[in-house]
Amino acid sequence: MVFITRKEHFNAAHRLFREDFNDAKNLEVFGKCSNPNWHGHNYDLFVTVKGELDPLTGFVINLKDLSRIINHSIIEKMDHKNINLEVDFMKGKLASTENIAVAIFHELENHINTNKVQLHCVKLYETENNFVEYYGI
Ligand code: NI
């Protein structure tokens, strides 16, 4: 079993807030990410796939194929977009890094998983210092 990771990147806007909180309460709970006028992050996305090596290629998965899947399913939908308003798979969800990582995992797994390879982990950096890992469990 070998693990291989592809890194991709997107910029996106969001706001962390609950409709049932007022602005003061949202600020208290969510801090600067609750700014009513939105703000952006430079997200780094690490997608790890696992599988046996293909004896013909020496690959777990062709990284060009993995990159194409991630770009088509995730990056094109999120890059330079407002996560709260424009990303179909985030509709009705709080745009926390945790929720985004979980949603990305579930968007990707059906496109990646075959009898030979499986999506292992999605790691999403919101800032240099803060990142989330999700393994589907
Ligand atoms: Ni934020």
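Fair warning: this is a prediction, and the values are worked out from it, not measured in the lab.

Draft legend 1. Quick peek at the coordination of the nickel ion. On the protein side, the nickel ion has H14 (NE2), C33 (SG), H39 (NE2) and H41 (NE2) as donor atoms, found 2.0 to 2.1 Å from it. One can describe the site at the nickel ion as tetrahedral: its four donor atoms subtend angles covering 93 to 124 degrees at the metal. The sequence motif formed by the donor residues of the nickel ion is H-x18-C-x5-H-x1-H. Of this pair, H14 sits in strand β1 (residues 2–14) while C33 sits in the loop between α1 (23–30) and β2 (39–51), placing them 19 residues apart in sequence.

Draft legend 2. How the structure looks around the nonpolar core. Counting residues in each nonpolar core, the largest one holds 32 residues, and the members touching the most others are L45, I104 and L108. Mapped by element, the contributors of at least two residues to this core are β1, β2, α2 (63–78), α4 (97–112), β4 (117–125) and β5 (131–134). For this core, the element with the highest residue contribution is α4, accounting for seven residues.

Draft legend 3. Local environment of the pairing of β4. Pairing geometry for β2 and β4, over eight bridges, is antiparallel. Looking at β4, one finds that G51 is bridged to V117. Two successive antiparallel strands, β4 and β5, enclose a turn made up of five residues.

Draft legend 4. Representation of the sheet that holds β2. What the five strands build is an open sheet, ordered β3-β1-β2-β4-β5; its pairing is mixed. At either end of the open sheet lies a strand with only one pairing partner, and these are β3 (81–82) and β5. The pairing of β1 with β2 spans 13 bridges and is classified as antiparallel. The partner of V2 across the bridge, within β2, is G51. Against the sheet, α2 contacts β1, β2 and β3, and its axis sits at roughly 20 degrees relative to β1. On top of the sheet, α4 reaches β1, β2, β4 and β5; it is set at about 155 degrees to β4, its chief contact.

Draft legend 5. Just the pattern of salt bridges, in detail. One pass over the full model with this rule turns up six salt bridges. Here R6 and E8 are joined by a salt bridge, their closest N and O atoms 2.8 Å apart. For R6, a relative accessible area of 29% puts it in the partly exposed group. Across the pair K77 and E107 runs a salt bridge whose closest N-O atoms are separated by 3.9 Å. Here K77, found in helix α2, pairs with E107, found in helix α4; they are 30 residues apart in sequence, far enough to count as distant. Residue E107 is classed as partly exposed on the basis of its relative accessible area of 24%. Each of K77, D88 and E107 takes part in one network of salt bridges that share partners.

Procedures and definitions
- Residues numbered from 1 in each chain as written.
- Predicted model: local features only at pLDDT ≥ 70, side-chain atom pairs only at ≥ 80, totals over all residues.
- Heavy atoms only, no water.
- Donors = N, O, S within 2.8 Å, 3.2 Å for Na, K, Ca; no water.
- Tetrahedral: all angles 85-135°; square planar, octahedral: opposite > 155°, others 65-115°.
- Helix = DSSP H or I, 4+ residues; strand = E, 2+ residues; numbered from the N terminus.
- Core = buried A, V, L, I, M, F, W, Y, C linked by side-chain atoms within 4.5 Å.
- Buried < 20%, exposed > 50% of the residue type's maximum accessible area, 1.4 Å probe, protein only.
- Pairing = 2+ DSSP bridges.
- Contact = heavy atoms within 4.5 Å.
- Axes fitted to C-alpha atoms, helices over the stretch in contact; angles between N-to-C directions.
- Salt bridge = Lys/Arg side-chain N within 4 Å of Asp/Glu carboxyl O.

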